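Structural overview for review
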2 protein chains.
Amino acid sequence: MTETAPRPTLEAVAARAGVSRATVSRVVNGAAGVRESLVEKVRRAVEELGYVPNQAARSLVTRRHDAVAVVVAEPETRVFADPYFALQLRGISKELTAHDNQLVLLLTEGREDHARVARYLAGGHVDGALVFSLHLHDPLPGLIRQAGVPTVFGGRPGWDDTAGAGAVYVDSDNRGGARAAVRHLTELGRTRIAHITGPLDQTSAADRLAGYRDAGPDPDPALVARGDFTPAGGERAMRELLDQCPRLDAVFAANDLTAAGALRVLRERGRRVPDDVAVVGFDDMLQVAEQTDPPLTTVRQDIEEMGRLMARLLLGGLDRGAAGEVSGDLPAGAASGAAAGAGPAGVVLPTTLVRRASA
Amino acid sequence: MTETAPRPTLEAVAARAGVSRATVSRVVNGAAGVRESLVEKVRRAVEELGYVPNQAARSLVTRRHDAVAVVVAEPETRVFADPYFALQLRGISKELTAHDNQLVLLLTEGREDHARVARYLAGGHVDGALVFSLHLHDPLPGLIRQAGVPTVFGGRPGWDDTAGAGAVYVDSDNRGGARAAVRHLTELGRTRIAHITGPLDQTSAADRLAGYRDAGPDPDPALVARGDFTPAGGERAMRELLDQCPRLDAVFAANDLTAAGALRVLRERGRRVPDDVAVVGFDDMLQVAEQTDPPLTTVRQDIEEMGRLMARLLLGGLDRGAAGEVSGDLPAGAASGAAAGAGPAGVVLPTTLVRRASA
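First, a word on what this report is: a plain description of the structure on this page. Just so we're clear, the structure is a prediction, and the values are computed from it rather than from any experiment.

Here is what the cut-offs are and how they apply
Chains are numbered independently. Their residues run from 1 in the order of the written sequence. For naming, the first written chain is A and the first written ligand is 1, with later ones following in the order written. Residues qualify for local features only when their pLDDT is at least 70, as the model is predicted, and side-chain atom pairs are given and counted only at 80 or more; totals for whole chains, interfaces and linings, by contrast, use all residues. With hydrogens and water set aside, each side-chain value is computed from the structure's full complement of heavy atoms. In this text, helices come from DSSP runs of H or I with a minimum length of four residues, and strands from runs of E with a minimum of two, each type numbered from the N-terminal end. Remark: exposure states derive from per-residue accessible area (1.4 Å probe, protein chains only) relative to the maximum for the residue type, with buried under 20%, exposed over 50%, and partly exposed in between. Residue contacts are counted whenever heavy atoms from the two residues lie within 4.5 Å of one another. DSSP bridges decide pairing: two strands pair if at least two such bridges lie between them. To obtain an axis, a line is fitted to C-alpha atoms, over the contacting stretch when the element is a helix, and the angle between two such axes runs from 0 to 180 degrees between their N-to-C directions. By convention, a crossover is right-handed whenever its connection, traced from the first strand over the helix to the second and viewed with the strands pointing away, goes clockwise. N or O atoms within 3.5 Å of each other form a polar contact, as long as, within protein, one can give a hydrogen and the other can take it, and as long as residues adjacent in sequence are counted only when both atoms are side-chain atoms. The arc in question is the one spanned by the directions pointing from the helix axis to the C-beta atoms. In this analysis, the expected span of each helix is defined as 1.5 Å times one less than the number of residues it contains. Only rings of Phe, Tyr and Trp enter the pairing, Trp through its six-membered ring, and a pair is recorded when the two centres are within 6.5 Å. The plane angle decides the type: under 30 degrees is stacked, over 60 is edge-to-face, the rest tilted. We call a charge positioned above a ring when the Lys NZ or Arg CZ atom is no farther than 6 Å from the ring centre and deviates by at most 35 degrees from the ring normal.

1. Structural notes on the overall build of chain A
Scanning chain A from N- to C-terminus turns up 14 helices and 13 strands. The buried share among the 359 residues of chain A stands at 55%. Contacts in chain A between residues at least 24 apart in sequence constitute 71% of all its contacts with a sequence separation of at least 6.

2. Regarding the sheet that holds strand β9 (residues 278-283) of chain A
All names here are of chain A. If you trace the six strands from one edge of the open sheet to the other, you get β7-β6-β8-β9-β10-β13, paired in mixed fashion. Two strands bound the open sheet, and with one partner strand each, they are β7 (224-226) and β13 (352-354). The average undirected angle you get between the axes of adjacent strands in this sheet is 20°. With three bridges connecting them, strand β8 (residues 250-253) and β9 associate as parallel partners. Its bridge partner being in β9, F252 is matched across the sheet by V280.

3. Concerning the pairing of strand β4 (residues 151-154) of chain B
Residue and element names in this part refer to chain B. Alternating positions in β4 separate into two faces, T151 and F153 on one and V152 and G154 on the other, with burial throughout. Relative to β4, strand β3 (residues 128-132) is paired through four bridges, and the arrangement is parallel. Opposite V131, over in β4, you have F153 as the bridge partner. Following the chain from β3 across helix α8 (residues 140-147) to the adjacent parallel β4, one finds a crossover that is right-handed.

4. Section: the side chain of A:N101
Within the secondary structure layout, A:N101 lies in the loop between α6 (83-98) and β2 (102-107). For A:N101, a relative accessible area of 3% puts it in the buried group. A distance of 3.0 Å separates a polar side-chain atom of A:N101 from the backbone oxygen of A:H99. Setting aside residues no more than four positions away along its own chain, A:N101 makes contact with A:D66, A:A67, A:V68, A:L96, A:D127, A:L315 and B:R116.

5. Topic: the sheet that holds strand β8 (residues 250-253) of chain B
Residue and element names in this part refer to chain B. The strand order β7-β6-β8-β9-β10-β13 describes an open sheet built from six strands, whose pairing is mixed. Looking at the sheet topology across the chains shown, the edges are occupied by β7 (224-226) and β13 (352-354). Taken pair by pair, the neighbouring strands of this sheet meet at an average axis angle of 20°, ignoring direction. Each of β6 (193-197), β7, β8 and β9 (278-283) is contacted by helix α10 (residues 203-215), which is oriented at about 170° to β6, the strand it contacts most.

6. Some points on helix α2 (residues 21-28) of chain A
Each α-helix turn comprises 3.6 residues. Residues three or four places apart therefore point the same way. All names here are of chain A. Burial in α2 covers these residues: T23, V24 and V27. Down the axis of α2, the sector holding all buried residues measures 100°, keeping them to one side. Residues of α2 that are buried sit in contact with α1 (10-17) and α3 (36-49).

7. Looking at α6(A)
All names here are of chain A. Taking 1.5 Å per residue, 16 residues should reach 22 Å; α6 reaches 23 Å between its end C-alpha atoms and fits that length. For α6, the buried fraction is high: 13 of the 16 residues fall into the buried class. At the N-terminal end of α6, a side-chain oxygen is found 2.9 Å from the backbone nitrogen of Y84, two or three residues along, and the residue is D82. Once α6 finishes, D100 follows within two positions and takes phi at roughly 50°, a positive value.

8. Some remarks on the side chain of A:Q301
Assignment of secondary structure puts A:Q301 in the loop between β10 (297-300) and α14 (303-320). Taking the relative accessible area as the measure of exposure, A:Q301 reaches 3% and is therefore buried.

9. Looking at the packing of aromatic side chains
By the definition in use, this model includes five aromatic pairs over all chains. Taken together, a centroid distance of 4.8 Å and an interplanar angle of 10° make the contact between A:F80 and B:F80 stacked. Placement of the pair is A:F80 in helix α5 (residues 76-81) and B:F80 in helix α5 (residues 76-81), with the two residues belonging to separate chains. One exposure class covers both A:F80 and B:F80, and it is buried. Both rings, one in A:Y84 and one in A:F85, keep their centres 5.7 Å apart while their planes meet at 85°; by these two values the pair is edge-to-face. Judged by its relative accessible area of 18%, A:Y84 falls in the buried class. Connected via pairs of aromatic rings, a cluster forms that spans A:Y84, A:F85 and A:F132. Across from the ring centre of A:F282, 3.8 Å away, lies the NZ or CZ of A:R208, which sits over that ring.

This is the structure:
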């Protein structure tokens, strides 16, 4: 560890400036009503000594740390393996940096670490939290509520209305996007359209399945296989689907990584894409959708913008000292509004179909 | 933001338990000398009210947050694009979780945010810091020293001995590994061995260049091209080398990502690997070295173990309350020791050559 020179104390600053401790404290914390000549003396002493105010102490006065926690409810291995999280973090990082707030990413090995995360959130180290990738029955939202820190969620929380009272979230129009994907496949003349789901304990996956069912021409349950938003899950599900329904002529995959896995299995089984089987993904992550063979037709959501907006809503709420208020400069096309009464308030960003070669 | 029930206070616990604030505070902070009957009353009140002790207040007594900051001195875009950081974080995360410490990753957009990072470190939110990917002339180490938090560095710090007094770091034997790579190429009969460096303001890159020079049979400066540890940098440097020295018969690349870029350019220019040009990398990141065409011969360093060891050294130092002590269970083959006098103390892990098809 670095050996350090003793850190200058508040007392040392007071002695150097020839003023009282209380005066130093008031100047450092920006309190009003200190004579300008004293302020100047304290400032000079602070500079000469290289005094760094203890933020733990200072924040007892200002109640702000200029730091925001980000919690991804997935093990750190997933956080680094899935470019979705990198994109969302990019948006969050840009917005927080623009407001000179520190991004504090709290990593975990798994769900059993969530109590520790909540303890850190409750410990007075951050002004608020951005939480995403929640799963049903995850104790995290409850723990966060207990911790008492202002929070904006990424994705519609899946808990019931009462528990979600006052929650604010940012989401994409998952259901509408899924409908558009299936409608596109129908318009191409496909009639046996399969769906590979995401993990159905996440609302994004459940909503995409609902959109598929809204628009799906064939209610055959054998056309739906369970995936998990990973390429390996997409491969497994695609094999299952081909075994169950060898005559399928289209696949709507719950995200681009799933579609990439499905494309590999289709090639391995000698199915031409899109001639034999048309494939549509979800996300439009360029480093995935543009690299697949063939390039992927997909439903675009603006992941980076979602992150940016989560950060903007949180900081805006902190500035107003208000909880649960959604307003301000929303992006064009975003729908906002609390469900009447107790439900969580959300901002839902639009999705659009991007056509490439796979469908 | 989540609307929250008012958080129960210390006062509320004291009232419910029928004891003084001071007694509650002593029980919550684990102080000795409180009668067992009172402890029991306080514990019951804490449970009934769901009281979460304010860690900022508690840590004024215990001086521990059970949280460790990780700072990567690169923009967040690099942190998520380069699997090196994911591997190092994996090792750190496993070790911290095993000791129920929270990993607090402080992300930045660039060097201009380092003052804010130092402010957070100085603010009393973490017990110590793990810092890696330092560049020469980066103000971060100085800022961290001022912040006064115990720190272990990943990679040998590049500053001079005086400034580095007491610094502890974990590194790989970069110079020895580079020598082994070049010696292997020489033994294959190669005589015009080029080197693509990393960013030379990092000691890891500078040390690999030094190792190349130790072992290099041909001191032709046109055989050295500057890279930056990225595939794009490797491509640029490889083009430059082929233009300058079309007769080169081997390349030692400063890391695997650089080698992957070089391999692409060699293929594009119709050079067979290893027949025309043999290529050796550095790192042995499996998702890179095993995926290249042909698979990459490379110098292996145990990146995950480096992260684990950094965390272990920091936590061990915190437990002993000692700064700058390197001891305990070092992995087999690790060399440890402070330079006599003022220099930083380091643990240097061994490297080994892994042969695949490219050389």
